[in-house]
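The lines below spell out each chain.
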Amino acid sequence: MENQDSDSRLDCCSSFISNISVQVVSAPGKLPGRRPPRKPISRAKPKKQLNKKAPFWNVQNKIILFTVFLFILAVTAWTLLWLYIRETESRDAFYFAGMFRITNIEFLPEYRQKESREFLSVARTVQQVINLVYTTSAFSRFYRQSVVADVSSNNKGGLLVHFWLVFVMPHAKGHVFCEDCVAAILKDSIQTSVVNRTSVGKLQGLAVDMDSVVLNAGLRSDYSSTIGSDKGCSRDFYADHLSLRYPLEVSTTSGRLTCHFKLVATAGHLIRFSVESVQIEADNCVTDSLTIYDSLLPIRSTVLYRICEPARTLKSFVSTNNLMLVTFKSPQAWRLSGIRAYFEVIPEQKCENTVLVKEITGFEGKISSPYYPSYYPPKCKCTWKFQSPLSTLGIALKFHNYSITKKSVRGCDHGWWEINEHMYCGSYMDHQTIFRVPSSLVHIQLQCSSRLSDKPLLVEYGSYNISQPCPVGSFRCSSGFCVPLAQRCDGVNDCFDESDELFCGTLQPACNASSFRRHSALTCDGFPDCEDGRDERDCTRGIPCNNRTFKCGNDVCIRKQNAKCDGNVDCPDGSDEEGCSCSSSSPTLHRIIGGTDTREGGWPWQVSLHFVGSAYCGASVISREWLLSAAHCFHGSRLSDPTPWTAHLGMYVQGSAKFVSPVRRIVVHEYYNSQTFDYDIALLQLRVAWPEALKQLIQPICIPPAGQKVHSGEKCWVTGWGRRHEADNKGSPVLQQAEVELIDQTLCVSTYGIITSRMLCAGVMSGKKDACRGDSGGPLSCRRKSDGKWILTGIVSWGHGCGRPNFPGVYTRVSNFVPWIHKYVPSLL
Ligand code: 4AZ
């Protein structure tokens, strides 16, 4: 039956799986309206004269008229009443989307046709069972109906039924309907048997798999658009060709667009959905989004991935079953919005391997996450066994942009690794790390721990000498790498994590890798000033500049890397630092724990971020519409939504801002780690750019040059409206400032231990001067001696208490994030 049907689908696919191109052009009244034909002016005909005129107001006519009047009145009253009931019902209605698997009914291809007798019959049966469950429950008063939306095959057998539930709670007035209770009623009605030890139980006459039950609150708009008759741009696709790419394109130039694409493959396969480009308004998915679900209805807990901003790089996602829902929403499109994507049917892959590594040390092969290079689906499990030929050789794993650390009491967010019975948690990084297992037999298990699809993982493996992981004459970095001893303390981050630059003396040779670049007189002037000639090495005088080089005013090309406006004069003629618009030295220079009141206008880049009307965090103005703050201010689903946030600029006393703007978008660093506060940085885009007229009171602060080293002992300022004492329960009404000292990184590491190269410490070792709660996200501003410009050296991040002796404040080291900032704020360049 199944095969017959797939053959017929094979023929039909080319006709119904084609590019969808929905062009919505809102141009009302473009077509000239047709005028009604004019009535010919007729000549007046002589009217027949009635001989006898019957009186109109006779009794009979009166009765007829009265009856008609009563009828019209009744119909109007009935319509109004019906509209009223419908309106109040829909206002107080709650929608739930769910699914479960029925194991005792076989799938029939006819179930795909919603009008077929077979679909209607099974839908009616399921609806009756659900109705019985809820009409006999504690929520029977509120229960209205269930609607079966889809009945599909699936890789576990039987039927997968997707349905909506509707509840009406009169006068709910913003109350939420207990989602867990609704789900619990359904689950508790499934009677499983302890004897059988399976997850399948009885739900009235249906055999339902308990583990398959998912039920979440849903949106009314999703309910209407998934079951309504007006399908708009929504489509259902059935695909069974393994090596075919089925294109999926939608676009609109204006108007609203909400499309649900249901993708179903033949049972036993998976769907891989690849997005080539997305054009949407970037607003954290508040209005515009592309959401990929591991189900056929928009069920929240089955979300595989959400794209909330325009993207042009290929990303692909794999389902865990033979179905997927892709929802594209762009309800207020005012310019081109749409997606270009395709999907494929792929076989399920096993994720296990046994590897015999070679006797020669070094990396020799690769393992990867399932379905690499696609994002890997949740609920995966991989096992790898490695064996080295000698007991003196261990197994080295080189993780690309990823790292594993010992698992703490908390769960893992991005992969749970068991290596020879030890547990580790994985997290994404911006550099490679090496993990060595000093054993010749290594058993590794990876379990996906993220609720969503996760970024693809690539791991190189090989053997290493257990007694000497790093060759003689090399230094072992914290990231596991070995670098030649000569590269230690040379000012270059050779280890990826800067551990080769820790515990170094503060004096750097004049011509070392980083310092010579600051001497404009030395670089690219045609004369090798450094012994090794490195001051002339990256210059290409007379050669046309390419996209990796920057053209100085005097026709010299220098390596582009952050040349323009990085605060360092890289060009011999200084042209790379001309016309840069961030804060010049503030004319009002007068200027927390141990702090003093600031002068009004003294810190014109200081921002107060309010969450639902209350001061919550600080931030710094870096351009007309972008602020820089700390990622931890936006951790969690409520805090990461930009809607409740407002930014208060040009403010001195809380509540008296010169300019207030809602926040359009929050970009939290993708490697932010909520356990270690690593990568604690976020960008905020204002909905309204601050007006030029306020530039006396609002000014951006300069971003430091990429990789700029800080000097311990340098004096900087921390500012904010946070608490003035650790025990206070509210912040300061007046902006506070405190002068703090940059602390040597080695000392910072020995104080806290868990200091990464993305952090720096500042304070006074005697305590008393520090940031505290409420100051988070605010600036650590340092004045550059060479030109008097204020540089955003740090962002208030964390610390042990506030103002405690020997526990300085910990700040995000902004110079490590310059390319990341430029990715979102290119106008800063
Ligand atoms: C906080 O909770 C916080 N003393 C910020 C900074 C410091 C401590 C706590 C540093 O926002």
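If you're wondering where the values come from, they're calculated on a predicted model, not measured in any experiment.

Topic: the side chain of Ser316
Structurally, Ser316 is set in strand β13 (residues 315–318). A polar atom in the side chain of Ser316 sits 2.8 Å from the side chain of Ser374. The contacts of Ser316, once residues within four sequence positions are left out, are Arg272, Phe273, Ser274, Ser374 and Tyr375.

Regarding the state of the cysteines
On inspection of all chains with the given rule, the structure shows 12 disulfides. Two residues share a disulfide in this structure: Cys470 and Cys482, whose sulfurs sit 2.1 Å from each other. Taking the sign of the S-S torsion, about -80 degrees here, the bridge from Cys470 to Cys482 comes out left-handed. You can see Cys470 sitting in the loop between β25 (458–465) and β26 (474–476) and its partner Cys482 sitting in strand β27 (residues 482–484), a full 12 residues away along the chain.

Some details on the sheet that holds strand β23 (residues 433–437)
One open sheet accounts for 4 strands, arranged β17-β25-β19-β23; its pairing is antiparallel. At either end of the open sheet lies a strand with only one pairing partner, and these are β17 (362–368) and β23. Strand after strand, the sheet turns through a mean of 30 degrees between neighbouring axes, direction not considered. Relative to β23, strand β19 (residues 393–399) runs antiparallel, the two being bridged by 5 bridges.

Topic: the site of the ligand
In the vicinity of the ligand, the contacting residues are Asp770, Ala771, Cys772, Arg773, Gly774, Ser776, Val796, Trp798, Gly799, Gly801 and Cys802. Contact between the ligand and Asp770: a nitrogen atom at 2.7 Å from a side-chain N or O atom of the residue. If the ligand stood free it would expose 300 Å²; the protein chains cover 85% of that surface. In terms of residue class, the shell around the ligand is made up of 5 nonpolar, 4 polar and 2 charged.

Observations concerning the packing of aromatic side chains
Here the structure, examined in full by the defined rule, presents 39 aromatic pairs. Judged by centre distance (5.9 Å) and plane angle (45 degrees), the rings of Trp603 and Trp717 are tilted. With a gap of 114 residues between them, Trp603 in the loop between β30 (596–597) and β31 (606–611) and Trp717 in strand β37 (residues 715–720) connect regions that are remote in the sequence. Judged by relative accessible area, Trp717 falls into the buried class, the value being 19%. Taking the centre distance of 6.0 Å and the plane angle of 80 degrees together, the rings of Tyr679 and Phe817 count as edge-to-face. With Tyr679 in the loop between β35 (659–668) and β36 (682–686) and Phe817 in the loop between β42 (809–813) and α7 (818–824), the pair connects residues that are 138 residues apart, well separated along the chain. Overall, Tyr679 belongs to the buried group, its relative accessible area being 1%. We classify Phe817 as buried; its relative accessible area is 2%. Within the aromatic cluster, the residues linked to one another by ring pairs are Phe96, Tyr134, Phe139, Phe142, Tyr143 and Phe167. When the ring centre of Tyr238 is taken as origin, the NZ or CZ atom of Arg112, which lies over that ring, is 4.7 Å away. Arg624 extends its terminal NZ or CZ atom over the ring of Trp690, reaching a point 5.2 Å from the ring centre.

Some details on the pattern of salt bridges
Using the criterion set out here, one finds 19 salt bridges in the structure. Between Asp150 and Lys262 there is a salt bridge, with the nearest N and O atoms lying 2.5 Å from each other. Residue Asp150 is found in strand β2 (residues 143–152), and its partner Lys262 is found in strand β9 (residues 255–265); the two are separated by 112 residues along the sequence. Judged by relative accessible area, which is 5%, Asp150 ranks as buried. The class of Lys262 is buried, set by a relative accessible area of 5%. Residue Asp678 is joined to Arg758 by a salt bridge in which the shortest nitrogen-to-oxygen separation is 2.7 Å. Remark: Arg758 occurs in the loop between α6 (745–752) and β39 (759–763) and Asp678 occurs in the loop between β35 and β36; sequence separation between them is 80 residues.

Remarks on the sheet that holds strand β5 (residues 200–203)
Spatially, 6 strands are ordered β2-β3-β1-β6-β5-β4 in an open sheet, and the strand pairing comes out antiparallel. The sheet is open, and its two edges are formed by β2 and β4 (191–192), each paired on a single side. When β2 meets strand β3 (residues 159–168), the two strands line up antiparallel, connected through 8 bridges. Paired with Ser152 across the strands is Leu160, a residue of β3. Packed onto the sheet, helix α3 (residues 117–135) meets β1 (93–102), β2, β3, β5 and β6 (206–218) and runs at close to 145 degrees relative to β2.

Structural notes on α6
Inspection of α6 places Gln745, Thr746, Cys748, Val749 and Tyr752 among the buried residues, and these make up the whole buried set. One side of α6 holds all its buried residues, which, seen down the axis, span an arc of 160 degrees. Turning to α6, the residues buried within the fold contact β38 (736–743), β39, β41 (790–798) and β42. Of the residues trailing α6, Gly753 is marked for its positive phi of about 80 degrees.

Concerning the UniProt feature "transmembrane region" (unreviewed entry) in the protein
Per the UniProt record, "transmembrane region" (unreviewed entry) is annotated on residues 63–85. Annotated as residues 63–85, this span is 100% helix and 0% strand, and its ends, taken at the C-alpha atoms, are 33 Å apart.

Observations concerning the environment of Gly778
As for its position among the elements, Gly778 is in the loop between β39 and β40 (779–783). When near neighbours in sequence (up to four residues on either side) are disregarded, Gly778 contacts Gln606, Gly618, Ala619, Ser620, Gly794, Ile795 and Val796.

Quick word on unusual backbone geometry
With omega at 5 degrees, the peptide bond leading from Tyr372 into Pro373 counts as cis. Counting through the fold element by element, Pro373 comes out in the loop between β17 and β18 (381–387). Here Gln204, not a glycine, exhibits a phi torsion of approximately 50 degrees, which is positive. Mapped onto the fold, Gln204 is located in the loop between β5 and β6.

Basis of the calculations
Residues numbered from 1 in each chain as written. Predicted model: local features only at pLDDT ≥ 70, side-chain atom pairs only at ≥ 80, totals over all residues. Heavy atoms only, no water. Helix = DSSP H or I, 4+ residues; strand = E, 2+ residues; numbered from the N terminus. Polar contact = N/O pair within 3.5 Å; in protein donor to acceptor, adjacent residues only side chain to side chain. Contact = heavy atoms within 4.5 Å. Disulfide = S-S within 2.5 Å. Pairing = 2+ DSSP bridges. Axes fitted to C-alpha atoms, helices over the stretch in contact; angles between N-to-C directions. Near = heavy atom within 4 Å. Areas by Shrake-Rupley, 256 points an atom, 1.4 Å probe, with all protein chains shown as cover. Nonpolar A, V, L, I, M, F, W, Y, C, P; charged D, E, K, R; others polar. Phe/Tyr/Trp six-rings, centres within 6.5 Å; stacked < 30°, edge-to-face > 60°. Buried < 20%, exposed > 50% of the residue type's maximum accessible area, 1.4 Å probe, protein only. Lys NZ or Arg CZ within 6 Å of the ring centre and 35° of its normal. Salt bridge = Lys/Arg side-chain N within 4 Å of Asp/Glu carboxyl O. Arc of directions from axis to C-beta. UniProt positions renumbered as here; feature names shortened; annotations may be inferred.

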